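# Structure assessment
Residues per chain, in single letters:
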Amino acid sequence: MWWNNVETKPYGGYPQFWDARLLGMLDQAHQDAGREAIWDPSQRDGDQRPYGAYEGMTIFEAARHSEQREEVALGYEPTDEQWRSPNIYEDTATGSRDQRDLLNLMPAALPEHETWFFYLQRLCNHCTYPACLAACPRQAIYKRQEDGIVLIDQERCRGYRKCVMQCPYKKPMFRDTTRVTEKCIACYPRIEGKDPISEGEPMETRCMAACVGKIRLQGLVEVKEDGSWVEDRDNPLYYLIKTEKIALPLYPQFGTEPNGYYIPPRWAPRAYLRQMFGPGVDEALEKYSAPSRELLAVLQLFRASQTIAFRYEIIEGEKVFETTINGKKWEMFNDTVVGYSKSGKEIARVSVEEPTYIRPGKHYNAI
Ligand code: SF4
Ligand code: F3S
């Protein structure tokens, strides 16, 4: 599905160069306004400013300092050519020493690879402040109260494409054959527990459920009137995003408060990652590289069930391993994490140590 693409960073993008283009426009708006887009990580304030204060302009503010004064948010409509090649630059690495100097990439505390690329899985972020919704002159886009899913009403849409222009992530897609725009619907029947196999429990979307790499996890959290999250320490998503802060929003400087979060890759240059995920990158990587006992257990919940886990519990196991990470002692325990559905049913039980099966000699070459 085009709605849900994977691009190879730093060169890949769908539509082509979507992020470089918008970052460039945002830079230009700052220059025109005589301002700088800087993060001040020292100004952290709980859930309101979890990574510090962004002292630049978001895409909403920047529109007023550009030629797009009439628009709600800074943006552009990609050309047909830019939409043409979803996998362009797939698996193309960067990072020769010459380029490193050229890109002014900072050395990192962890070993970086000389040559690097990483995959960025991209889908609609069902933003807290969706620019697509704000931009539509037909009010054809709405955000559902019950779960925050952002949908385009296909009956109301007249194909004005302001949403395509102003979604910074370029996730609404205009369809030539129907003359209306479509986007990810977050598999809402599954979230509602209406899928025939869900037995009434909220289920993860198909893209989550189908991830063989076991790197996607989805959840639902309660939000307050002001958009901040109700504290829910035992919800796996709350724990990963708010307590441990190892998963970060994509381009938070855009200002839509995206609800897709990424655990950044360890080997890519930090300056590049900070631009992409904000100043929380260093702390996230430090925690991810030497996970706490609880974090290691919670990470086992990734892809352990198609049913959304609303709560987890940890059963402590024995110590099984010990090493040194970044000069500090690190211990591993074979704990078991248990996930529970919305109604409180057990949906997953996974241990840190996976069972090992030794293939008998006569089957060495068998699949
Ligand atoms: Fe709208 Fe784009 Fe945010 Fe999705 S990612 S909710 S399409 S602004
Ligand atoms: Fe509105 Fe986008 Fe349709 S701007 S009319 S939802 S194409």
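Residues numbered from 1 in each chain as written. Chains lettered and ligands numbered in written order. Predicted model: local features only at pLDDT ≥ 70, side-chain atom pairs only at ≥ 80, totals over all residues. Heavy atoms only, no water.

Here the focus is the pairing of strand β15 (residues 346-351). For a regular strand, the rule is simple: side chains alternate between the two faces of the sheet. Note that strand β14 (residues 336-340) and β15 share five bridges and pair antiparallel. Directly across from Val-337, in β15, lies its bridge partner Val-350. The turn joining β14 and β15, which pair antiparallel and follow one another in sequence, is formed by five residues; a positive phi near 95° is taken by Gly-344. (Pairing = 2+ DSSP bridges. Helix = DSSP H or I, 4+ residues; strand = E, 2+ residues; numbered from the N terminus.)

Its location among the elements puts Lys-183 in the loop between β8 (180-182) and α7 (188-191). One buried charged side chain, Lys-183, makes no salt bridge at all; its nearest oppositely charged neighbour is Asp-147, positioned 10 Å away. A polar atom in the side chain of Lys-183 sits 2.5 Å from the backbone oxygen of Val-150. (Buried < 20%, exposed > 50% of the residue type's maximum accessible area, 1.4 Å probe, protein only. Lys, Arg positive; Asp, Glu negative; His and termini not counted. Salt bridge = Lys/Arg side-chain N within 4 Å of Asp/Glu carboxyl O. Polar contact = N/O pair within 3.5 Å; in protein donor to acceptor, adjacent residues only side chain to side chain.)

Right, let's get into the site of ligand 2. Neighbouring ligand 2 are the residues Cys-136, Pro-137, Arg-138, Ile-141, Cys-157, Arg-158, Gly-159, Tyr-160, Arg-161, Lys-162, Cys-163 and Thr-181. Of the residues that constitute the shell around ligand 2, the class distribution is six nonpolar, two polar and four charged. (Near = heavy atom within 4 Å. Nonpolar A, V, L, I, M, F, W, Y, C, P; charged D, E, K, R; others polar.)

Here we take up the environment of Glu-199. Considering the arrangement of structural elements, one finds Glu-199 in the loop between α7 and α8 (206-209). Put simply, Glu-199 and Thr-307 are 108 residues apart on the chain and 9.7 Å apart in space, counted from C-alpha to C-alpha.

Our next topic: the site of ligand 1. Surrounding ligand 1, one finds Cys-124, Asn-125, His-126, Cys-127, Pro-130, Ala-131, Cys-132, Val-150, Cys-167, Tyr-169, Pro-172 and Lys-183. A breakdown of the residues in the shell around ligand 1 according to their chemical character gives nine nonpolar, two polar and one charged.

This part takes up unusual backbone geometry. Going from Lys-9 to Pro-10, the amide bond is cis rather than trans, its omega being 20°. Along the chain, the position of Pro-10 falls in the loop between β1 (5-9) and α1 (18-33). Between Tyr-14 and Pro-15 the backbone carries a cis peptide bond, its omega angle lying at 0°. Take Pro-15: it is sitting in the loop between β1 and α1. The residue Arg-179 is not glycine, and still its phi comes out positive at about 65°. Tracing the backbone through its elements, the reader meets Arg-179 in the loop between β7 (173-175) and β8. Looking at Arg-179, the relative accessible area reads 46%, which means it is partly exposed.

Turning our attention to α1. Every α-helix carries 3.6 residues per turn, so stepping three or four residues along brings you back to the same face. In this model α1 runs 23 Å from its N-terminal to its C-terminal C-alpha over 16 residues, within 8% of the 22 Å that 1.5 Å per residue would give. Where α1 is buried, its residues contact β1, β3 (53-54), α2 (59-63), β4 (118-122) and α10 (270-277). Taken from the residues just after α1, Gly-34 is the one with a positive phi, measuring 65°. (Expected span 1.5 Å × (residues − 1). Contact = heavy atoms within 4.5 Å.)

Interaxial distance between α10 and helix α11 (residues 281-289) falls to 9 Å at its minimum, and their mutual angle equals 110°. With respect to α11, the element α10 is oriented roughly perpendicular. Together, Arg-270, Leu-273, Arg-274 and Phe-277 of α10 and Val-281, Asp-282 and Leu-285 of α11 make up the contact between the two elements. The residue inventory of the contact of α10 with α11, partitioned by class, reads four nonpolar, no polar and three charged. (Axes fitted to C-alpha atoms, helices over the stretch in contact; angles between N-to-C directions. Parallel < 35°, antiparallel > 145°, perpendicular 65-115°, else oblique.)

The final tally for this structure, using the stated rule, is 28 salt bridges. Put simply, Glu-192 and Arg-144 hold a salt bridge, and the shortest N to O gap is 2.8 Å. Here the residue Glu-192 occupies a position in the loop between α7 and α8, and Arg-144 occupies one in the loop between β5 (141-143) and β6 (150-152), the gap between them amounting to 48 residues. When its relative accessible area of 30% is taken as the criterion, Glu-192 is described as partly exposed. Between Glu-199 and Lys-345 there is a salt bridge, and its shortest N-O distance comes to 3.9 Å. You can see Glu-199 sitting in the loop between α7 and α8 and its partner Lys-345 sitting in the loop between β14 and β15, a full 146 residues away along the chain. By relative accessible area, which is 65% here, Glu-199 ends up exposed. Taken together, the salt bridges that share partners define one network made up of Arg-144, Glu-146, Asp-147, Glu-192 and Lys-194.

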